[in-house]
Amino acid sequence: MTDHKTLLLTGASRGIGHATVKVFQAAGWRVLTVSRTAFDSRCPWHAGGTDHIQGDLADPAARDEMVARVRETLGGGGLHAIVNNAGISPKGEGGGRLGIAESSDEVWQAVMNVNLMGPAALMRDLLPELSGAQGAVVNVGSIAGRRVHPFAGVAYACSKAALEALTREAAAELGPRGVRVNMVTPGEIETEILSPGTKTMTRLIPLRRLGKPDEVARVVLFLCSAQASYVNGAVIDVNGGQHA
């Protein structure tokens, strides 16, 4: 058996998720990763080949299989943290923003299934393991959940606003069981899939630059650590001061 704490991270294949794996592993955590893509052998982290679960959070049957595999991997042990980072933001032709007029029922359903139902289902289904370890949950939101964003579509924005409500509800309900639930809301973060025009938004950011994925990941680690033992139901902005 290992004394390491164990994290379950969704959406681990790139950006904030990829940085979160590295930050937690550097802090001595075991990281179980979930994404729609298979593990890439070029990835540098330890045990990625055995501790990665491929699956689609939008598919209830696939979620059930993920939970069973996580439970099997834990071997009766507790789960110290879940970071719900997976999210989808569909685009229109040429990468354009999908507004109300362009968002079909299928778009709404797909976005809500991954961005909202996925986190809710994982908290529900893995609650015995979380409670047993007095664990923590961090939901990864977005600046788009609080204001109209030039690139994020309407379904994505609504899903992130709802995720903030879910965070409050879960913090109130699960706190008595010893499980803390918090949220980080990143602003404009520099990743390999930036929307065209994102870099021009630095003029709106007091720090005059985009954020880096590891700057979000370090806040996530804090919220999962003993240093945040009395932080529950909080929403922490990681946006360089972009509040206008």
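Presented here is an overview of the structure given in this document. (Residues numbered from 1 in each chain as written. Predicted model: local features only at pLDDT ≥ 70, side-chain atom pairs only at ≥ 80, totals over all residues. Heavy atoms only, no water.)

1. Quick notes on the overall build of the protein chain
Scanning the protein chain from N- to C-terminus turns up 7 helices and 7 strands. Sequence-ordered secondary structure for the protein chain, helices as α and strands as β, is β-α-β-α-β-α-β-α-α-β-α-β-α-β. Computed over the C-alpha atoms, the radius of gyration of the protein chain is 17 Å, within 12% of the 18 Å expected from 2.2 N^0.38 for a compact globule of 244 residues. Based on the C-alpha atoms only, the size of the protein chain along its principal axes is roughly 50 × 40 × 35 Å. Within the protein chain, the proportion of its 244 residues that are buried is 48%. Counting contacts in the protein chain only where the partners sit at least 6 residues apart, residues at least 24 apart contribute 69% of the total. Accessible surface computed for the protein chain: about 11,600 Å², of which carbon and sulfur atoms make up 53%. Within the protein chain, one finds 24 positive and 23 negative side-chain charges whose respective centroids are separated by 7 Å. (Helix = DSSP H or I, 4+ residues; strand = E, 2+ residues; numbered from the N terminus. Rg over C-alpha atoms; globule rule 2.2 N^0.38 Å. Buried < 20%, exposed > 50% of the residue type's maximum accessible area, 1.4 Å probe, protein only. Contact = heavy atoms within 4.5 Å. Areas by Shrake-Rupley, 256 points an atom, 1.4 Å probe, with all protein chains shown as cover. Lys, Arg positive; Asp, Glu negative; His and termini not counted. Charge placed at Lys NZ, Arg CZ, Asp CG, Glu CD.)

2. Remarks on helix H7 (residues 213-224)
Between its terminal C-alpha atoms H7 stretches 17 Å, which fits the 16 Å expected from 12 residues at 1.5 Å a residue. Within the sequence span of H7, burial applies to Pro213, Val216, Ala217, Val219, Val220, Leu221, Leu223 and Cys224. (Expected span 1.5 Å × (residues − 1).)

3. Comments concerning the side chain of Gln242
Mapped onto the elements, Gln242 comes out in the segment after strand E7 (235-238). Residues within four places of Gln242 in sequence aside, it is in contact with Ile143, Arg147, Glu188, Met201, Leu204, Ile205 and Pro206.

4. Let's talk about the sheet that holds strand E4 (residues 81-84)
If you trace the 7 strands from one edge of the open sheet to the other, you get E3-E2-E1-E4-E5-E6-E7, paired in parallel fashion. Only two strands of the sheet have a single partner each, and these edge strands are strand E3 (52-54) and E7. Sheet twist, expressed as the mean angle between neighbouring strand axes with direction ignored, is 15°. For E4 and strand E5 (residues 136-140), the ladder comprises 4 bridges, and the chain directions are parallel. Directly across from Asn84, in E5, lies its bridge partner Asn139. Here helix H6 (residues 154-174) sits on the sheet and contacts E5, strand E6 (180-186) and E7; the angle it forms with E6, its principal contact strand, is near 160°. (Pairing = 2+ DSSP bridges. Axes fitted to C-alpha atoms, helices over the stretch in contact; angles between N-to-C directions.)

5. Notes on the pairing of strand E2 (residues 30-35)
Burial runs high along E2: 5 of the 6 residues are buried. Where the polypeptide runs from strand E1 (residues 6-10) across helix H1 (residues 15-26) and back to E2, its parallel neighbour, the crossover connection is right-handed. (Right-handed = clockwise from strand over helix to strand, strands pointing away.)

In short, the description is geometric, and any link to function would need to be established separately.
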